[in-house]
Amino acid sequence: MDLRDYLRAVRKRWWLVVGAVAVAVGVAATVTLLTPPRYAASVTFFVSTRGSEVTQAFQGGQFAQQRVKSYVDVLTSNRLAQSVATANPNGLTAEDVQAQITAQVVPDTVLVQATVTDVNRARALQVAQTLADEFPKLIGTLETPPGSKTPTVGVQIIAEPKLAGAPVSPQPVRNVGLAVALGLIIGVAAAALRETLDSTIRSPEVLHKAAGAPVLSAIPLDRKADKSPLITEGSAQSTRAEAMRQLRTNLQFVNVDRPLRSLVVSSALPGEGKSTTVCNLGIAFAEAGKRVIIIDADLRRPKIAEYLGLEGAVGLTNVLAGQANIREVVQAWGSSGLWVLPSGSVPPNPSELLGSGNMADLLTALGSAFDVIIIDTPPLLPVTDAAVMSTVADGCLLVSRHGKTTVSQATSAAATLAKVNAKLHGCVLNMSPAKSGGAYAYYSYTTEDVPSGLQTPTTAASPLPRSPFPTRPTAATANPSPTAGRHGRRALADSPTTDLRVYRTEPTRYEGTASVQDVRPQR
């Protein structure tokens, strides 16, 4: 990883860095508060040799510099500590005194500095004063040759024992500073490690490389999508809606020689937003003047009818099983030309039902009535339904969720489609975090930003679009009842049916009669 990768990892996982710094500072503050303060008293000694001539003085200075290195060990020896403890009986043993004394040589001098630290200010000063008395005596004893009464080396005090004004430990500023530095190091290392080990898809480039197909759109994350998943009314001018229109435009040009008519939309695993993508993509195509039908072929966990507010009790499975007429179960949504074929009853054999000849015949029949057919299917990895449907459609669209779908999952999903020779037109990176300063951030606006004279008024009820199916006169249309609706009659495709008698006369033709029951008013 280079510097740019580290910065990207820190920006993505800043909470790791902040957390590490917070923990380190908390630990440092706790240790600082729990540590009792220690006070220090220091004394400085000057070491010299006896000699009057210049030559002897020079040689004595070199000798003294060599000797002071040994005096550091003498200051911290048990013998001197025993002498101090005996001379100053303040409750400390020789071992306690030895642990309190530290010594060092002032570089390039013959000065030795001794420091005594203790939790008691007065006792630290007393021990230092006793040390100042006992150390010269011990050196005089050690440096006196046998048979002589004069030591060759003399030790004098040049700085009397002095107590420091503030405790030498703990040091809150130093501790907190070290904690911040250590927290930053640990946080950045954790973020970089997490980035290295993270195999989820977090950019269109990674998705393109994993699936081997172009990324047609990156749909930004919208916090309002949980309550308003559709790109209608207040969300019509959002960045998510613009991303859907970009996806619509790119799909129209994936194959200019053969325009896209039927599209299977799937994902690697559940929870990646494929059903919401299907609904919004259908709305986007309908806004462009296309006759669009959405087929909910997710016969295991159908969601299309729930998202669009339609009745899904009767639908695709009933048509494939010969229990319903396609004209009577297709429902209109809105007034822009969007139609929906719900999933219907949940069958025991979804894969076999979707791979039957009836399903292929149904897509052929719908292809003559609609410009675009969008099919919502189950995820690719758990079940084979989407792979089966991809063989009878013009192509497939793979939806992956930012930060959830892994590279291996996207690769496996694309490989599943390749095994059945299905055409993967492209991918969609769903719930991608919006980047500040991007194109959508510049051009997007909400209805509050539009001048009042340019806002499109919304109505409580819009007229239903004209049915794409040829209508036949029935008893209901010949003699409309007072409850038939505000138009005097209701097309059979406007509501589901419950009492059906249907039979198949030709491979692409369904005939029969039905008793239409108004389940709920359509949007």
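Structure shown above.
Keep in mind it's a predicted model, so treat the numbers as computed, not measured.

A. Molecular detail of the environment of Ile 101. As for its placement among the helices and strands, Ile 101 is situated in strand β2 (residues 101-105). Taking the C-alpha atoms as reference points, Ile 101 and Thr 117, 16 residues apart in sequence, are found 6.9 Å from one another. Contacts of Ile 101, omitting those with residues within four sequence positions, involve Leu 75, Thr 76, Thr 115, Val 116 and Leu 131.

B. Seen up close, the sheet that holds β2. What the four strands build is an open sheet, ordered β2-β3-β1-β4; its pairing is antiparallel. Either end of the sheet is taken by a strand with one partner, and the two such strands are β2 and β4 (153-163). Shown here is a sheet whose adjacent strand axes are inclined to one another by a mean of 20°, direction ignored. Where helix α6 (residues 121-142) meets the sheet, its contacts fall on β1 (39-49), β2, β3 (111-118) and β4, and the angle it forms with β4 comes to roughly 175°.

C. Quick look at helix α2 (residues 14-34). Here α2 spans 30 Å end to end across 21 residues, near enough to the 30 Å set by a 1.5 Å rise per residue. Lining the buried residues of α2 we find α1 (3-12) and α7 (172-197).

D. Structural context of unusual backbone geometry. For the peptide bond that leads from Ser 169 to Pro 170, omega is -5°, which places it in the cis range. By the element assignment, Pro 170 lies in the loop between β4 and α7. Here Asp 108, not a glycine, exhibits a phi torsion of approximately 60°, which is positive. Residue position: Asp 108 is located in the loop between β2 and β3. Accessibility expressed as a relative area gives 77% for Asp 108, which makes it exposed. Here Met 431, not a glycine, exhibits a phi torsion of approximately 55°, which is positive.

E. How the structure looks around the pairing of strand β10 (residues 372-376). For β10, a buried count of five out of five residues is recorded, marking the element as mostly surrounded by other parts of the structure. The alternating pattern of β10 places Val 372, Ile 374 and Asp 376 on one face and Ile 373 and Ile 375 on the opposite face, and all of these are buried. In this sheet, β10 lies alongside strand β7 (residues 292-296) in parallel orientation, the contact comprising five bridges. Paired with Ile 293 across the strands is Ile 373, a residue of β10.

F. Representation of the side chain of Asp 298 within the structure. Secondary-structure assignment places Asp 298 in the loop between β7 and α11 (304-308). Ignoring any residue separated from it by four or fewer positions in sequence, one finds Asp 298 in contact with Lys 274, Ser 343, Asp 376, Thr 377 and Pro 378.

G. Structural view of the packing of aromatic side chains. This structure, assessed with the given rule, holds two aromatic pairs. Taking 4.8 Å as the distance between ring centres and 55° as the angle between the ring planes, the aromatic pair formed by Phe 45 and Phe 135 counts as tilted. Linking Phe 45 in strand β1 with Phe 135 in helix α6, this pair joins segments that are 90 residues apart in sequence. No difference in accessibility class separates Phe 45 from Phe 135, as the two residues are buried. With 6.2 Å between their ring centres and 80° between their planes, Tyr 71 and Phe 135 make a pair best called edge-to-face.

H. Structural context of the nonpolar core. Core analysis: the biggest nonpolar cluster contains 47 residues, and Leu 316, Leu 341 and Leu 362 have the highest contact counts within it. Beyond its immediate chain neighbours, meaning those up to four positions away, Leu 341 contacts Ile 293, Ile 294, Ile 295, Asp 296, Gly 315, Leu 316, Ile 326, Val 329, Val 330 and Leu 362. With 32 residues, the next largest nonpolar core counts Leu 260, Ile 283, Ile 304 and Val 340 among its residues.

I. Structural view of the sheet that holds strand β12 (residues 424-432). If you walk across this open sheet you meet the eight strands as β5-β12-β11-β6-β10-β7-β9-β8, and the pairing is mixed. With one partner strand each, in any of the chains shown, β5 (215-220) and β8 (331-333) form the two edges of the open sheet. Adjacent strand axes in the sheet meet at a mean angle of 25° when their direction is disregarded. Where strand β6 (residues 262-267) and strand β11 (residues 395-401) come together, five bridges link them in parallel fashion. By the bridge assignment for β11, Ser 267 is matched with Val 399. Of the strands in this sheet, β5, β6, β7, β8, β9 (338-341), β10, β11 and β12 touch helix α10 (residues 274-287), which is tilted by about 170° from β10. Where helix α17 (residues 407-419) meets the sheet, its contacts fall on β11 and β12, and the angle it forms with β11 comes to roughly 170°.

The rules we used
Residues numbered from 1 in each chain as written. Predicted model: local features only at pLDDT ≥ 70, side-chain atom pairs only at ≥ 80, totals over all residues. Heavy atoms only, no water. Helix = DSSP H or I, 4+ residues; strand = E, 2+ residues; numbered from the N terminus. Contact = heavy atoms within 4.5 Å. Pairing = 2+ DSSP bridges. Axes fitted to C-alpha atoms, helices over the stretch in contact; angles between N-to-C directions. Expected span 1.5 Å × (residues − 1). Buried < 20%, exposed > 50% of the residue type's maximum accessible area, 1.4 Å probe, protein only. Phe/Tyr/Trp six-rings, centres within 6.5 Å; stacked < 30°, edge-to-face > 60°. Core = buried A, V, L, I, M, F, W, Y, C linked by side-chain atoms within 4.5 Å.

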